[in-house]
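Analysis of the macromolecular model
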Amino acid sequence: MTTLGGPCRFSGENHHRLTWILALVSALLAVQSAVAQIPARLDPLRSAPRLSDAVSKNPLSAAGESNTDSGQCHVHVIANEVIVSDHEREEVGYHVQPPGIIPAPGQWPYFAWSDTPMGVVRARDGSGYLFFGSDGGCHENCADQNTWRWGSVTVSHGTFDHPLGEPLGDPNPPVYEFAFPASANLPADINYAGGGPVYRVPAGEPGAGSLLLVYHIERNANPFWSWTGMAKSTDEGLTWQDLGLILSVPHPYNPTGASGVGENPLVPYTDPTTEQKYFYIFFPHHCWTATAECSDFTFISVARAPYEELLTTAATGHPVSKLFKKYYNGNWDQPGLGGLASETFPNVTGETDGDFQIVWSAYRHRFIAMVDNSQYIAYGESVDGLYWPAMQVLYREPNLLATIGYANAVGLGEDPAVLGKTFYSYYTDSPVPYNPWQPATVNRLTITTAASVTSIQPNVATAGAPALSLLVFGEHFVKNSTVMWNGSPRTTAFVSPTQLTAQILASDITAAGEAHVDVSNPAPCGGLSNAEPFTIYTP
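For clarity, every value in this text was computed on a predicted model and none was experimentally measured.

**Brief notes about the overall build of the protein chain**
In terms of helices and strands, the protein chain carries 3 helices and 38 strands. Here the protein chain, with 539 residues, has 57% of them falling under the buried criterion. Considering only contacts within the protein chain whose residues lie at least 6 apart along the sequence, 65% involve residues at least 24 apart. Just so you have it, the protein chain exposes about 19900 Å², and 55% of that area is on carbon and sulfur atoms.

In structure tokens form, the structure reads like this:
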């Protein structure tokens, strides 16, 4: 998005704010030469006041085409941490490879990362993780608005706590960037290209071990027009081969309009009605003309491509553009490029109307969505990806002037693309309005379906003491929560969502030592909490 001089993220925020956005665009463009350039896609318009929290009335809604699901888990945030500081992000700019890809690493915005949702995969040798994103700064022809190029694909080798590598500020190995070269598959005059979500091809499949990237490109419009494409890498993300564009809105490029289709992960999923395996990919149809919202605007839509055919085609380096078909009015028959698509999220509100990342949860056996819209991060579930019930707001940004974005979902198991009962969500936080990346941090939410225990009373006893009642304090207890003593259930009474009472047997405290007390919430939205120690002393 060209706002105040540089490409900037196009908001998926409430489309009823269109009048506000259109009114601001001309004024913002008029002062381009008088203000500092804002690189990357963190959009200052995302922080604008809302005009409405009304529910989408899109006539293409898929509501009724799939059974609704009232059994969503209510997850909760147990930690919110700064993972990459602004200082660390600035210092990393001096070490990025290849040399010169950041023209002026000592000047703002230094290293505008991550300007897309981060993709995370296991390193091929098992030594940590590879983190993929975009440096949203300018990399080519930065003095010429007609030919400049912003965005990139970055890869760093790190850990969940240090995605840019260690030691802090001087990553080893360094961060690598790849700027998409001119390609017959891409429009000639794109001014932004960045990625994003990455899929590791499993062993035994065509192209095993290679990486498939979903990227996002923009072309200047009012403020920009975008497409989604795919690329592959056989060298752990150091270089990429373009596989072509796969998604667009159902309208040709319009220099006076705007469009956005995001960049979401490829999600392997077997269609239960046909038993055939596909790659699903979710996207919005965000589209405006110069004066109005497009009639086929959607918040969440879905397309898919045959799993084996896509892997085989990608392994040979051929374009995959024609493999994707959008879901529309009950059928998978609309082309990914230019086709129509149904709305699958008719329950959108002003707190859940943003950009999203959708992955698979092995724990919940369903699709999971993380949605951000500059002030909120929300969580949703869908059994089949064709209907999304109302979503749950997990986090509200306390700084009303800040812009938060690019929230993803990362599993803690062997495959970060698959979620368990506890998972991470990394997001970019830019606290200064209308001046993204000065400063900016990458933060991380820890999200879980389990309860949490904060204390127990009593927490000590003498060996040989009689049975006792144990008070357990914490959060997110439910009526069927069970207190566990060294992994065994004990008779439990529910007092409130923050307190339980458990009956500890005399046989539990016959010998000196330490017991562990935790709480089990029942499936399908449960799991074990953290444990608190109970010390048993010698008489």
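**Observations regarding the pattern of salt bridges**
Going through the model one piece at a time under the given rule, you end up with 12 salt bridges. Its salt-bridge partner being aspartate 271, residue arginine 304 comes within 2.8 Å of it at the nearest N-O pair. Taken as a pair, arginine 304 in strand β17 (residues 298-306) and aspartate 271 in the loop between β15 (267-270) and β16 (277-288) lie far apart in primary sequence, 33 residues in all. In this structure, arginine 304 and aspartate 271 share a single accessibility class: buried. One continuous salt-bridge network, built from bridges that share partners, spans Glu81, Asp161 and Arg444.

**Quick word on the state of the cysteines**
Applying the stated criterion across every chain, the model contains 3 disulfides. Between cysteine 73 and cysteine 525 runs a disulfide, and the two sulfur atoms are separated by 2.1 Å. With the S-S dihedral at roughly -100°, the linkage between cysteine 73 and cysteine 525 falls on the left-handed side. Of this pair, cysteine 73 sits in the loop between α1 (18-30) and β3 (76-84) while cysteine 525 sits in the loop between β36 (513-521) and β37 (527-528), and the two are 452 residues apart along the sequence. A relative accessible area of 3% places cysteine 73 in the buried class.

**What about unusual backbone geometry?**
Cis geometry marks the peptide bond from tryptophan 113 to serine 114, where omega comes out at -5°. Inspection of the secondary structure puts serine 114 in the loop between α2 (86-92) and β4 (119-122). Cis geometry marks the peptide bond from glutamine 438 to proline 439, where omega comes out at 0°. When you line up the elements, proline 439 lands in the loop between β27 (422-430) and β28 (441-448). Phi at asparagine 329 takes a positive value of approximately 50°, unusual for a residue other than glycine. Relative to the assigned elements, asparagine 329 resides in the loop between β18 (325-328) and β19 (331-335). Classification of asparagine 329 as partly exposed rests on a relative accessible area of 41%. If you check the backbone angles, histidine 365 has positive phi at about 55° while not being a glycine.

**Thoughts on the environment of proline 268**
Relative to the helices and strands, proline 268 is located in strand β15. Taking the C-alpha atoms as reference, proline 268 lies 8.2 Å from tryptophan 360; in sequence the two are 92 residues apart.

**Here we look at the sheet that holds strand β23 (residues 392-396)**
Within the open sheet, the 5 strands sit side by side as β23-β22-β21-β20-β26. Their pairing is mixed. Either end of the sheet is taken by a strand with one partner, and the two such strands are β23 and β26 (418-419). In this structure, strand β21 (residues 366-372) lies alongside strand β22 (residues 376-382), joined through 6 bridges in antiparallel fashion. Residue pairing in the sheet places isoleucine 368 in a bridge with glutamate 381 of β22.

**Section: the pairing of β4**
Note: β4 against strand β5 (residues 129-133), 4 bridges, orientation antiparallel. Across the sheet, residue arginine 122 finds its bridge partner in β5, namely tyrosine 129. Linking β4 to β5, which pair antiparallel, is a turn of 6 residues; within it glycine 126 sits at a positive phi near 80°.

**A look at the side chain of glutamine 72**
Examined against the element boundaries, glutamine 72 turns out to sit in the loop between α1 and β3. What makes glutamine 72 buried here is its relative accessible area of 18%. A distance of 2.9 Å separates a polar side-chain atom of glutamine 72 from the backbone oxygen of alanine 390. Beyond its immediate sequence surroundings of up to four residues, glutamine 72 is in contact with Arg364, Gly380, Glu381, Pro389, Ala390 and Cys525.

Basis of the calculations
Residues numbered from 1 in each chain as written. Predicted model: local features only at pLDDT ≥ 70, side-chain atom pairs only at ≥ 80, totals over all residues. Heavy atoms only, no water. Helix = DSSP H or I, 4+ residues; strand = E, 2+ residues; numbered from the N terminus. Buried < 20%, exposed > 50% of the residue type's maximum accessible area, 1.4 Å probe, protein only. Contact = heavy atoms within 4.5 Å. Areas by Shrake-Rupley, 256 points an atom, 1.4 Å probe, with all protein chains shown as cover. Salt bridge = Lys/Arg side-chain N within 4 Å of Asp/Glu carboxyl O. Disulfide = S-S within 2.5 Å. Pairing = 2+ DSSP bridges. Polar contact = N/O pair within 3.5 Å; in protein donor to acceptor, adjacent residues only side chain to side chain.

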